[in-house]
Amino acid sequence: MTAAPETAPSAVLLGCPDGLDDLVRGDLRERHGIASERVAPGVVGVDAVPAAEALGPMVERVGLALDPSDPQRALPVLDAAAAAIGMTQPAFRVQSADPDTRSRWIDAIGARGWPNLPADWQLNVDLDTGRVDLGPLHWSRRVARLERLPATTPGPVAAGLLRLAKLRPGDLLLDPCGGVGTVAIVDAVQRGGPAISADSDAESVATARRNVAALGLDDAVEVLEADAAHLPLDDDCVDRVVSDLPFGKRIGSNELNRTLYPAILRDLERVLTADGRCVLLTDDKRVFADAVARARGLKVVGERVIRYNGVTPTAYVVVRSRRRKRR
Ligand SMILES: C[S@@+](CC[C@H](N)C(=O)[O-])C[C@H]1O[C@@H](n2cnc3c(N)ncnc32)[C@H](O)[C@@H]1O
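Treat the numbers as computed from the prediction; the structure is a model and nothing was measured.

A.B. asks: Where do I start with the overall build of the chain in this structure?
C.D. replies: From N to C terminus, the chain includes 10 helices and 14 strands. By the compact-globule yardstick of 20 Å for 327 residues, the chain fits well, its C-alpha radius of gyration being 22 Å. Taking the principal axes of its C-alpha atoms as reference, the chain extends roughly 75 × 45 × 35 Å. Each of the 327 residues in the chain was classed as buried or not, and the buried ones make up 54%. Pairs at least 24 apart in sequence give 70% of the contacts found in the chain among residues at least 6 apart. Surface exposure of the chain reaches about 15200 Å², of which carbon and sulfur atoms provide 50%. Computed over 42 positive and 45 negative side-chain charges, the inter-centroid distance for the chain is 6 Å.

A.B. asks: Sorry, what's going on with the sheet that holds strand 3 (residues 43–46) here?
C.D. replies: To summarise the sheet geometry, strands pair through backbone hydrogen bonds and adopt either a parallel or an antiparallel arrangement. Within the open sheet, the seven strands sit side by side as 2-3-1-4-7-6-5. Their pairing is mixed. The open sheet has two free edges, formed respectively by strand 2 (37–40) and strand 5 (92–95), since each of these has just one partner strand. In this sheet, adjacent strand axes meet at a mean angle of 30° when their direction is disregarded. Of the pairings in the sheet, the one linking strand 1 (residues 12–15) to strand 4 (residues 61–65) comprises four bridges and is antiparallel in character. Bridged to Leu13 within strand 4 is Gly63. In the packing of helix 1 (residues 21–32) onto the sheet, contacts are made with strand 1, strand 2 and strand 3, and the angle to strand 3 comes to roughly 25°. Each of strand 5 and strand 6 (123–126) is contacted by helix 4 (residues 99–110), which is oriented at about 160° to strand 5, the strand it contacts most.

A.B. asks: When you look at the domain arrangement of the chain in this model, what are you seeing that I'm missing?
C.D. replies: How big an interface is tends to be stated in terms of the accessible area lost upon association of its parts. By the assigned domains, the chain splits into domain 1 (12–141) and domain 2 (155–320). In this structure, domain 1 and domain 2 have C-alpha centres spaced 32 Å apart. Each partner contributes residues to the interface: domain 1 has 12 residues there, and domain 2 has 13 residues. Taking both partners together, domain 1 and domain 2 bury about 1100 Å²; carbon and sulfur atoms supply 64% of that area. For the pair domain 1 and domain 2, the interface holds three salt bridges. Close ionic contact of Asp22 with Arg304 constitutes a salt bridge, the shortest N to O distance being 2.7 Å. Linking domain 1 to domain 2 there are four residue pairs in polar contact (both at pLDDT 80 or more). Its residues assigned to classes, the side of domain 1 that touches domain 2 comprises six nonpolar, one polar and five charged.

A.B. asks: Explain the nonpolar core here, please?
C.D. replies: Nonpolar side chains in soluble globular proteins tend to end up buried together. By size, the foremost hydrophobic cluster in this structure holds 69 residues, and its most contacted members are Leu14 and Val125. Counting residues per element, this core draws most heavily on helix 6 (residues 155–165), which supplies seven residues. The two domains that each donate at least three residues to this core are domain 1 (12–141) and domain 2 (155–320). Beyond its immediate stretch of four places on either side in the chain, Val125 contacts Leu66, Leu78, Arg93, Val94, Gln95, Trp105, Ile109, Arg131 and Val132.

A.B. asks: For this particular structure, what's the right way to read the packing of aromatic side chains?
C.D. replies: For any two aromatic rings, the description comes down to two numbers: the centre-to-centre distance and the angle of the planes. A complete count under the given rule lists two aromatic pairs for this structure. On the basis of an interplanar angle of 75° and a centroid distance of 6.0 Å, the ring pair of Tyr261 and Phe288 is categorised as edge-to-face. A residue pair is termed long-range when its members are at least 10 positions apart, and Tyr261 in helix 9 (residues 254–271) and Phe288 in helix 10 (residues 285–294) qualify at 27 residues. Assigned by exposure class, Tyr261 and Phe288 land together as buried. Taking the ring centre of Trp114 as reference, the NZ or CZ of Arg112 above it sits at 5.1 Å.

A.B. asks: Honestly, the environment of Ala108 in this entry has me stumped. Any pointers?
C.D. replies: Assignment of secondary structure puts Ala108 in helix 4. Through-space distance from the C-alpha of Ala108 to that of Ala188 is 43 Å; in sequence the pair is 80 residues apart. Residues contacting Ala108, with those up to four places away along its chain left out, are Pro71 and Gln72.

A.B. asks: Mind showing me how you'd approach unusual backbone geometry here?
C.D. replies: Backbone phi values are negative for most residues with the exception of glycine, while trans is the configuration of most peptide bonds. In this model, Gly193 is joined to Pro194 through a cis peptide bond whose omega is 5°. Tracing the chain through its elements places Pro194 in the loop between helix 7 (182–190) and strand 9 (195–199). Non-glycine residue Lys166 carries a positive phi angle of around 50°. For Lys166, the position within the fold is in the loop between helix 6 and strand 8 (173–175). Judged by its relative accessible area of 54%, Lys166 is exposed. A positive phi angle, close to 50°, is found at Asp236, a residue other than glycine. Counting through the fold element by element, Asp236 comes out in the loop between strand 10 (221–225) and strand 11 (238–244).

The rules behind the values
- Residues numbered from 1 in each chain as written.
- Predicted model: local features only at pLDDT ≥ 70, side-chain atom pairs only at ≥ 80, totals over all residues.
- Heavy atoms only, no water.
- Helix = DSSP H or I, 4+ residues; strand = E, 2+ residues; numbered from the N terminus.
- Rg over C-alpha atoms; globule rule 2.2 N^0.38 Å.
- Buried < 20%, exposed > 50% of the residue type's maximum accessible area, 1.4 Å probe, protein only.
- Contact = heavy atoms within 4.5 Å.
- Areas by Shrake-Rupley, 256 points an atom, 1.4 Å probe, with all protein chains shown as cover.
- Lys, Arg positive; Asp, Glu negative; His and termini not counted.
- Charge placed at Lys NZ, Arg CZ, Asp CG, Glu CD.
- Pairing = 2+ DSSP bridges.
- Axes fitted to C-alpha atoms, helices over the stretch in contact; angles between N-to-C directions.
- Domains from an automatic or database assignment.
- Buried area = accessible area lost by both parts, 1.4 Å probe.
- Salt bridge = Lys/Arg side-chain N within 4 Å of Asp/Glu carboxyl O.
- Polar contact = N/O pair within 3.5 Å; in protein donor to acceptor, adjacent residues only side chain to side chain.
- Nonpolar A, V, L, I, M, F, W, Y, C, P; charged D, E, K, R; others polar.
- Core = buried A, V, L, I, M, F, W, Y, C linked by side-chain atoms within 4.5 Å.
- Phe/Tyr/Trp six-rings, centres within 6.5 Å; stacked < 30°, edge-to-face > 60°.
- Lys NZ or Arg CZ within 6 Å of the ring centre and 35° of its normal.

Rendered as structure tokens:
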């Protein structure tokens, strides 16, 4: 397939966390031969709806570009959206900052016999962004539907961190601040584990256990209630660590991180295998940089800024800086 000219308007828009667009585009090209363009931060354009297997777990939503000025002109796009999800009368909802515009569109689409079901839609007509989202291709329906808590990492962000970790078949993955289990679960769905998701908060651990059980992943993911600074794990047993650390905003505090980050890094250095690799996400960047600088056995070999939900954390790729002395 040849690349679309940079100026061609893309008919199909794939939404992903800003900062992962290049990885999404690389996977589409290299694994599926699909050409794409970067339409906007966190929006990748392609000229046809890719098969669900080609979308990958970093893609959150799939939509068709639509002219929000006139419902009659948009009807062919809505028909194409319905065809893309294999439905003739899909349930829809309309989003618009202007209530009159919203009512006009609901009437126009409802006149075709399509049910307006805002809580259970197949097509989301978003007039503010000029897009109609395809419900069955949303991350939560394609990858995993998870019970969440306020600090839960968005699934596509977790997938991006896993992508940076370069997991190999059989690697043991650890998320020491695993919350509701998002990282370990996305890995288990994609790779089959094995993974350990640990968290010190009892509610997070209970939620993670429910998520793992609901998805039938008990054989792939072990959930532990544990302090990330004192993990109940042997030395040199973890191949990959992927974690969204407490930033000190929703969870903990900047002051707490000054002692927590060095303590977590000390224990990660202990449990990590000789060729281990960590991908650690934090918005408390100065505290994290200080902590790594003081952890003499670890070094940062890569950084990537990711933007989502009003935060702009950095994913740090961390490896051993020297061979461990045998104990
Ligand atoms: C940003 S959230 C991670 C969310 C997680 N990735 C998810 O999707 O649910 C940070 C998590 O770190 C946990 N945490 C804070 N201090 C911890 C500690 N000392 N040991 C283990 N977990 C800790 C919090 O309970 C919270 O679930």
